[in-house]
Every structure is written in structure tokens, then in C-alpha cells.
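The lines below spell out each chain.
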Amino acid sequence: MLRDKHEPIGKDGDLPGLAALFDEDLLTAKIRALPPFAGLRSLKIDYIRYKPATSCVATLILQFADGERRWLAAKALTLTRFEVSWRHPRRQKLINNGDPFAPLAIPELGIILSYPQHDRALPGLALLNGSRERDAQLRSWLPDIAVGARLELNILRYKPERRLLALLRCNGRPWATLRFASDERYQAMLTGNRLGHATGEIELLAALPEQRLLIARWIEGETLCVEQAGNLTEQDVFLLGGKLARLHSLKISLPDAPLPDGIRDAWQVLNTLKVVAPIQQEKFISLLTGLAKKLTGRLFRRVVIHGDFTVDQVVKRTVESQLRLIDWDRATAGHPAVDLAAFQARLELQVIEKTLTPNQARRIVAALHEGYRQQRGHLPPLLADYTALALLQLAAEPFRKRTAGWPQHIAELLQRAEELMAQREPPADPSAALSGLLSKPRIAPLLRQALGLPAAAMLEEATLVTHKPGRRAVLAWRWTSAPDELSIIGKYRYKGFEPHGFLVQQALWRNGFSGDSDIIVPEPLAVLEAQNLWLQQHIAGERVTEALSPDNKQLAATGELVGTALARLQHSRAAQRAVAGKRWSVKDELETLRQRLKQAATTRPAWAARIADVSRACEQLALALSPTPGLFLHRDFYPAQLLLTDARPGQLAVLDFDLAALGPPSLDAGNYIAHLREQALRDYGDDKALAVHEDAFLAAWLARSAAADIANISIFTTLALARHIAISLLFPERHHTTASLLALCEARLKHAAARRGC
């Protein structure tokens with residue numbers, strides 16, 4: 001049976017006052033009996049923090065018959081601690097001096113009642129006391145306040161010993177918000193509000209560490225929260241989703257949040273739940289334990305998160321109707337699902353409380369997600385689980401509100417969290433993750449603006465070229481603009497725009513690898529960082545991969561062109577400068593090989609011993625590499641990254657510089673030869689079937705490379721072929737080559753060892 005609204009709650013033998021802090025009627029009667037509160041009309045318990053057998057702190061909002069409103073902190077202690085704390089010299093001094101904000105007590109319950117003005121964790125709250133000195137101090141911090149303006153401070157929210165939010169009024173009009181925090185919370189709050197200021201969402205007017213105070217300008221506007229009589233439209237929520245996506249795309253360094261976000265906060269909610277709804281604690285523990293197990297240790301790319309993203313933290317500006325995010329106290333670095341989950345969880349609770357209908361909530365969430373996807377191209381993973389976690393963080397909220405039927409609401413909230421946890425995460429697919437980039441009506445305005453296209457230009461096609469779910473994709477868009485046609489390639493990265501490849505390609509295109517040159521790169525055109533996307537010129541042509549057949553009469557000429565291209569790239573000073581901060585060593589190469597072969601051995605246990613022998617032999621072989629000066633490395637230089645252009649015969653376009661770095665130049669040459677050998681083995685059953693092309697490539701590269709070393713090339717070829725053992729297991733169409741590749745590597749390694757006299 002669920003507890004009835006009026007059934008006594010709050011049993012803890014060590015804290016006799018606990019029941020009163022969970023019962024507004026009982027507490028009202030106790031406080032009204034104290035002389036200063038004889039005129040008390042009503043009392044609201046606004047916040048509770050409970051530590052079993054230790055203490056319970058509550059925020060009380062007192063309403064008096066004459067219209068006066070006061071805020072108090074009520075702290076229930078064990079009777080032993082109460083005696084010590086109540087007799088503290090500081091408290092007794094306030095009482096003996098007749099301070100109007102002196103503490104009071106309910107001794108039989110071990111409860112101390114304190115005014116915020118004397119909250120020792122928030123020393124700046126003395127500013128709540130109106131005086132000429134206080135007003136002068138505020139004017140010194142806020143010189144924009146009109147001379148002679150009447151100032152008053154009103155408390156908006158208060159969490160004893162943690163934080164307080166107050167509204168500063170000038171001549172009766174809202175002017176600024178003052179945020180006070182405890183010492184341990186102030187720095188995080190400052191970081192978050194500085195971020196809000198940097199994004200233009202709030203205007204931070206002053207940061208005062210001694211008072212642990214932040215002051216921000218008041219934002220005049222309307223709330224969207226339906227609980228506060230706001231008008232929550234799908235259009236506004238769609239725009240809000242885009243705003244959140246842009247926040248998550250910011251490149252700003254912030255301190256990490258605890259992993260996983262929200263688990264610790266949810267465990268603290270359990271303390272309250274044990275008292276107000278003990279029948280639910282077993283289910284709560286089971287759900288939270290399951291979430292902690294699922295979410296802890298999951299790797300993800302941290303983004304800037306608001307940290308308290310709910311509809312009541314959004315203001316619609318009165319003048320220009322712009323949406324603004326407020327309350328940046330908890331902004332940090334975390335999982336992108338946290339913000340979306342917090343927003344949805346609050347709506348889920350409103351459905352349970354019948355403030356919204358299920359259909360209204362679904363439409364609002366869909367609008368938020370659509371606005372978010374349009375900007376970032378995808379929703380974050382684990383969203384349903386993070387929404388369940390956000391619901392668990394709200395588990396005590398129905399009790400705090402004291403709405404009719406709150407025990408049932410808690411049960412329904414936990415049930416909804418369980419349903420969300422049972423949902424299967426939708427698979428990553430092009431239509432979901434990339435829908436915004438493939439939707440012509442949505443992407444056309446962004447591309448037109450980024451590329452500076454005329455209004456007459458029409459987007460005819462949006463095509464997904466390649467897609468590795470959860471990692472990256474290549475897209476193509478075809479425009480018509482009489483009399484010409486324009487084709488654009490977009491490179492999308494799931495984890496966010498990475499400028500490295502774009503900047504390297506830009507440096508090459510601006511320094512000799514463009515136009516009518518025989519070796520070119522596609523022109524980098526623009527960056528759409530909010531969409532995790534950058535754009536480049538589309539180059540029509542044939543991949544070198546398709547041109548590699550033993551009977552192709554141009555096989556040698558193409559090999560010479562590729563060898564020339566690699567040498568020219570590696571010796572480009574512009575390219576070397578572009579990758580100056582990024583190096584790739586033999587140690588890095590061996591670590592990659594080691595991991596790949598370890599995976600291969602796991603996949604093919606029957607060959608595990610042979611694969612392990614190949615791995616060890618490769619490590620030994622690498623010791624024979626001669627040191628060479630570092631040059632520009634493409635690091636993924638193979639036939640599929642090269643285009644024989646349609647623009648003119650003998651022109652080669654080199655693609656994809658995302659991995660480019662400085663390193664041993666023979667690595668690229670060896671990698672290219674290994675790819676040739678693998679393709680020859682796969683397509684023709686003979687690793688030397690493309691020897692004409694290979695020999696021409698090698699001769700051209702050696703003739704033009706200052707760091708040429710034939711022995712190093714042979715070693716890097718063997719290392720790359722060994723890596724292909726693992727790669728062949730990733731693609732069913734290559735499984736037939738695995739045994740041959742393993743045997744080929746064993747033979748090369750045996751021959752190399754014999755030459756070294758091993």
C-alpha cells in the first residue's frame with residue numbers, strides 16, 4: 001500500500017525532528033508556537049537534504065498574515081549534537097545581542113531554525129540586510145545603477161549551506177540576479193556562468209570571490225514553463241533544440257563532470273526516498289544500480305553541457321522574442337545526453353502529474369530532437385538511459401511539491417524510468433544520424449550561405465556516399481546554377497568537426513597542389529562546425545584502385561605518377577608546416593599493429609599462435625629500421641585515396657589528409673606497396689600480379705625522395721602486410737585472403753630474419 005497524504009512520515013530514531021521536517025502541518029504548528037512567528041499563516045518546505053542518523057536540512061518559506069514572507073533554514077540534529085550546536089558561542093551571542101535574525105530552536109525535536117543572513121557557509125548573505133552601506137557596496141560593484149535608485153534584494157531560491165539566488169530590484173524593477181555559493185561550489189559556478197557569458201546567453205556583471213558572489217543582469221522575458229503559466233510551443237522547442245546542439249558543438253575546455261553524470265546525485269535522492277516512500281526504495285536501488293553498471297566506464301566525447309537544461313531555465317525575450325538560457329551554475333563538460341534527458345524527464349513528470357498530456361509531451365520532445373538533429377546531425381547515444389537516470393534524480397520531487405497523490409506519482413515515475421531502460425537504443429543509420437544533412441530543404445540554406453551561392457542556385461541531389469556509423473560519413477550535394485552545375489563533397493565526423501585534415505588540405509591547395517598542376521588536392525571550401533562537417537570541391541575521375549589490372553597498358557605510367565605524387569607531397573614545406581605539431585613514430589606504428597594482430601588472434605583462435613609469432617617477428621624486424629629525418633606523411637596513402645581526374649590526362653588528385661603527420665617517409669611508400677600486394681592477392685591470387693605498377697611507383701619515388709631507403713621500404717611493407725591480416729577479417733569479401741596473407745608475412749619475416757643472421 002502507498003502511504004496516504006496525511007500519514008506520518010519521517011521515522012529515524014536518532015533524529016526526533018525528522019518527522020516534522022517532512023510534515024508541513026506538524027512543522028507549522030511547532031513554529032507558530034514560537035513568539036516571533038505567532039502571525040504565521042502558512043509554511044512551505046521547499047528543499048530537503050537528509051543524511052540518515054546524522055542530520056536533515058530543509059528550506060522553509062514562511063508566509064505571514066500581513067503579507068510578509070521569510071526564508072528559514074531548519075536543521076534537525078541528534079539531541080546530543082543539538083545541545084552542542086545550540087550552545088555555540090556565535091549563536092548565543094546573536095541571541096543575547098537581540099539580533100533580529102538570531103536563530104531559534106525547537107529543543108524537544110532537536111531543530112535549529114536559522115535565517116540565511118547567518119548561514120556560515122554563505123558569508124556574503126549579509127547583503128540581504130538593507131542599509132545605506134549595503135546599497136553603497138552594490139553601487140561600487142555595479143556602477144550602472146542609477147544614482148539614488150531604491151534597491152531591494154528578494155530571495156528566489158535557497159539551499160542552506162550551499163547556494164542562494166536573489167533578485168536585485170532598482171526602483172521596484174528587476175535589475176540583476178545575485179548568486180551566492182559555498183566555497184566548495186563557487187569555482188564551478190563561476191566557470192559555468194563565465195561560459196554562459198561567453199556564449200552571449202547571460203551578461204555577467206561582477207564576480208566577487210571574497211563574497212563568493214556572482215552578479216548577472218536580469219533578462220526580461222517570459223517563461224516557457226507550463227507550470228508557471230508559460231506558453232510552450234513546438235516552434236520554440238525546435239529552436240531550443242538547435243540552440244542546445246550549438247552549445248554542445250562549442251570548442252571550449254571545461255573541467256570534467258563526475259562519471260557518469262548524475263549517478264551520485266541520484267544516490268543522494270535515495271536518502272529522502274527511504275523516509276517518504278520506503279516501499280519504493282528497493283525498486284529505486286535496483287534501477288539505479290542497473291544504470292550505474294551500464295553507464296560507468298562507457299567512453300564518449302565530452303561536450304559543453306548546460307547541466308540543468310529544463311524548460312524553466314529558458315526565457316523568451318520580450319523585445320526580440322529570442323530564447324535565452326539562464327542559470328549556468330552547473331555548466332560543465334559531460335555527456336551530451338544529459339541535457340536532453342533532463343528536459344525530457346521534467347516533461348515525463350509533468351505527464352505523471354497531468355500538467356501535460358502524453359501526446360503533448362511526445363510532440364514537444366520530438367520538436368526538441370528535430371531541432372537538435374538539424375544542427376548536429378544525430379542524437380547522442382544512451383539517451384533513453386540518461387532520461388531514466390534524470391527521472392531517478394527527480395524521484396523525490398512529487399513529495400517536495402506535495403501535490404495530491406504524490407506517493408502514486410513516485411511509483412509511476414519509477415515505472416517510467418524502468419520502461420525507458422528497457423528500450424533498445426536505436427541503431428545508428430544514415431536516416432537517423434544524418435537526416436538533417438540529407439534533407440534538401442534543411443541543408444540547402446546552410447550550404448548556400450557557406451558557399452556564397454546565388455539565390456537562383458538549386459540543390460538537386462543530396463547523397464550519402466560512404467558511412468561508418470558512429471564514426472564518419474562522406475556526403476555529396478549537386479547544385480544547378482545556370483549555365484553550370486556544381487558538385488560539393490562533405491566530410492562528416494560523428495564526434496565533431498576536426499580541423500586537422502581541412503587545414504592540411506588547405507595548405508597544400510594554396511601551395512602548388514591546385515589548378516592545372518599534375519598533382520592536386522580538392523579545394524577546401526568551407527566549414528560548418530555546428531554540423532560536424534567541412535566541404536570540399538568534388539573532383540570527377542577514376543580511382544586508381546579501378547585502374548589496377550595486369551592488362552592495363554597505363555599501369556607503369558600510373559605507377560610513376562603515384563610515386564611522383566608521394567615524393568612531392570612528402571617534400572612540401574607547406575605540408576610539413578601544417579602537421580608540425582603532429583608526429584607518428586615507429587613506436588606508434590608498432591602499437592597499432594600489435595592491437596590489430598591481437599584482435600585477429602582472438603577472431604581466429606586456430607591461427608592464434610601463428611599470428612602471435614608474426615607479431616613478435618614484426619617487433620624484431622622493426623629494430624632493423626634505419627633512422628631517417630621526419631617528412632610529411634599521408635599515413636593512409638593507398639590506391640583508393642587517389643583519383644585519375646577527368647579534367648586532363650596525367651593529372652592525379654590525392655584525397656583524405658585526416659591522419660597526416662610528420663614521420664619516416666618510407667612508411668607511406670611501404671604502405672602503398674602493401675596495399676598493392678593485398679589487392680593483387682585478393683583479385684588475382686598472386687601478390688606480384690601488379691608488379692609493373694609497383695616497380696614504376698617505387699622507381700619514381702626513390703628518384704625524387706631525399707630520404708629514400710630501400711631496406712626501410714621493405715620493412716614497412718612487411719609491417720603493413722601484417723596489418724592486412726587483421727583487416728581481411730573485418731570484411732567478408734576478403735576472408736579468402738587471410739590465410740594467404742598470413743603465409744606471405746611468415747615467408748617475408750623468415751627471409752628477413754635469415755638475412756640478419758637470426
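Report follows, based on the coordinates. Bear in mind that the values here come from a model prediction, so they are computed numbers and not experimental data. (Residues numbered from 1 in each chain as written. Predicted model: local features only at pLDDT ≥ 70, side-chain atom pairs only at ≥ 80, totals over all residues. Heavy atoms only, no water.)

## Structural notes on the overall build of the chain
- Of regular secondary structure, the chain possesses 27 helices and 26 strands.
- When burial is assessed residue by residue, the chain has 52% of its 758 residues classed as buried.
- Partitioning the contacts of the chain with sequence separation of at least 6, the portion at a separation of at least 24 is 67%.
- Only carbon and sulfur atoms are counted for the fraction: they give 52% of the accessible area of the chain, which is about 34,400 Å².
- Charged side chains of the chain number 96 positive and 81 negative; the gap between the two group centres comes to 3 Å. (Helix = DSSP H or I, 4+ residues; strand = E, 2+ residues; numbered from the N terminus. Buried < 20%, exposed > 50% of the residue type's maximum accessible area, 1.4 Å probe, protein only. Contact = heavy atoms within 4.5 Å. Areas by Shrake-Rupley, 256 points an atom, 1.4 Å probe, with all protein chains shown as cover. Lys, Arg positive; Asp, Glu negative; His and termini not counted. Charge placed at Lys NZ, Arg CZ, Asp CG, Glu CD.)

## So, empty space enclosed by the protein
- The final tally for this structure, using the stated rule, is one cavity of 30 Å³ or more.
- The calculated volume of the largest cavity comes to roughly 30 Å³.
- Lining the largest cavity are Glu-589, Leu-667, Asn-671, Phe-716, Leu-719, Ala-720 and Arg-723.
- Residue assignment for the lining of the largest cavity shows that the elements contributing at least two residues are helix H24 (666-684) and helix H26 (710-728).
- Per-element accounting of the lining of the largest cavity gives the leading share, four residues, to H26.
- Within the lining of the largest cavity, the residues separate by chemical class into four nonpolar, one polar and two charged. (1 Å grid on protein atoms, 1.4 Å probe; cavity = no way out; pocket = protein on both sides within 12 Å on 5 of 7 lines; lining within 4 Å. Points joined across faces, edges and corners; volume = space filled by probe spheres on them. Nonpolar A, V, L, I, M, F, W, Y, C, P; charged D, E, K, R; others polar.)

## Details of the sheet that holds strand S13 (residues 314-317)
- Spatially, the three strands line up as an open sheet ordered S11-S13-S14, and their pairing is antiparallel. Two strands bound the open sheet, and with one partner strand each, they are strand S11 (221-223) and strand S14 (323-325). Taken over all neighbouring pairs, the strand axes of this sheet differ in orientation by 35° on average, direction set aside.
- Sheet topology note: the S13/S14 ladder contains three bridges and is antiparallel. Counted as the bridge partner of Val-314 is Leu-325 from S14.
- Relative to S14, helix H7 (residues 234-248) is tilted by about 50°, and along the sheet it contacts S13 and S14. (Pairing = 2+ DSSP bridges. Axes fitted to C-alpha atoms, helices over the stretch in contact; angles between N-to-C directions.)

## As for the packing of H7 against helix H10 (residues 337-352)
- Contact geometry of H7 with H10 gives a least axis separation of 10 Å together with a crossing angle of 155°. By the angle class used here, H7 and H10 are roughly antiparallel. Packed against H7, whose contacting residues are Val-237, Leu-240, Leu-244 and His-248, the element H10 presents Asp-339, Leu-340 and Phe-343 at the interface. (Parallel < 35°, antiparallel > 145°, perpendicular 65-115°, else oblique.)

## As for the sheet that holds strand S8 (residues 173-181)
- Read from one edge to the other, the open sheet built from five strands follows the order S6-S7-S8-S10-S9, with strand pairing classed as antiparallel. Bordering the open sheet on either side are strand S6 (151-159) and strand S9 (204-208), each of which pairs with just one other strand. Across this sheet, the average inter-strand angle for adjacent strands is 20°, counted without regard to direction.
- Bridge count for S6 against strand S7 (residues 163-170) is eight bridges, and the pairing is antiparallel. The residue of S7 that forms the bridge with Glu-152 is Arg-169.

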